[in-house]
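Spelled out from the first residue to the last, the chains are:
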Amino acid sequence: MPGTVTMYSTTWCGYCRRLKGQMDREGIAYTEINIEQDPESAAFVEKANGGNQTVPTVQVLPSGGGSEVVMTNPSLAQVKQALGV
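Residues numbered from 1 in each chain as written. Predicted model: local features only at pLDDT ≥ 70, side-chain atom pairs only at ≥ 80, totals over all residues. Heavy atoms only, no water.

Draft legend 1. Here's a closer look at helix α3 (residues 76–83). The complete set of buried residues in α3 reads L76, V79, A82 and L83. For α3, the angular spread of the buried residues around the axis is 125 degrees, confining them to a single face. Facing away from the buried surface of α3 by more than 90 degrees, the exposed residues are A77 and Q81. Tucked inside the fold, the buried residues of α3 contact β1 (4–9), α1 (14–26), β3 (57–61) and β4 (69–72). One or two positions beyond α3, positive phi appears at G84, with a value near 80 degrees. (Buried < 20%, exposed > 50% of the residue type's maximum accessible area, 1.4 Å probe, protein only. Helix = DSSP H or I, 4+ residues; strand = E, 2+ residues; numbered from the N terminus. Arc of directions from axis to C-beta. Contact = heavy atoms within 4.5 Å.)

Draft legend 2. Molecular detail of the nonpolar core. Core analysis: the largest hydrophobic core is formed by 19 residues, its most contacted members being V5, M23, V58, V60 and V79. When residues of this core are traced back to their parent elements, those giving at least two are β1, α1, α2 (39–48), β3 and α3. With four residues, α3 is the largest single contributor of residues to this core. Setting aside chain neighbours within four positions, we find V60 in contact with T4, V5, S67, E68, V69, M71, A82 and L83. (Core = buried A, V, L, I, M, F, W, Y, C linked by side-chain atoms within 4.5 Å.)

Draft legend 3. Structural context of the sheet that holds β1. What the four strands build is an open sheet, ordered β2-β1-β3-β4; its pairing is mixed. Pairing within the sheet leaves two strands with one partner each, and these edge strands are β2 (31–34) and β4. Strand-to-strand twist across the sheet, computed as the mean angle between neighbouring axes with direction ignored, equals 20 degrees. Of the strands in this sheet, β1, β2 and β3 are in contact with α1, which crosses β1 at around 155 degrees. Of the strands in this sheet, β1, β3 and β4 are in contact with α3, which crosses β4 at around 175 degrees. (Pairing = 2+ DSSP bridges. Axes fitted to C-alpha atoms, helices over the stretch in contact; angles between N-to-C directions.)

Draft legend 4. View of the packing of aromatic side chains. The final tally for this structure, using the stated rule, is one aromatic pair. Judged by centre distance (5.0 Å) and plane angle (40 degrees), the rings of Y8 and F44 are tilted. Here F44 lies in helix α2 and Y8 lies in strand β1, a separation of 36 residues in the sequence. Assessed through its relative accessible area of 7%, Y8 is described here as buried. (Phe/Tyr/Trp six-rings, centres within 6.5 Å; stacked < 30°, edge-to-face > 60°.)

Draft legend 5. Unusual backbone geometry, seen in detail. That bond from V55 to P56 is cis: its omega, 0 degrees, falls within 30 degrees of zero. Tracing the backbone through its elements, the reader meets P56 in the loop between α2 and β3. Positive phi, normally seen in glycine, also occurs at N73, with a value near 50 degrees. Assignment of secondary structure puts N73 in the loop between β4 and α3. N73 sits in the partly exposed class, given a relative accessible area of 32%.

Take a look at the structure:
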């Protein structure tokens with residue numbers, strides 16, 4: 001898969017569970033970070049979302065030197081587009 005995907009989530013987030021299931025079915029590898037257990041990640045999510053801890057927040061780092069993409073509650077299609085697939 002071109003690039004890396006990091007999903008910032010919580011255990012209780014239904015939108016997070018849905019997106020994880022979709023990415024699993026599509027074979028998109030990702031790293032999941034629970035913002036309730038990682039204060040630095042919670043701060044990253046807040047910065048990306050105007051001070052709110054909105055999840056899922058997804059960070060995509062495309063391979064080949066592309067620009068970082070940070071999305072809030074993205075669709076599977078948006079994640080795939082950010083990855084270039």
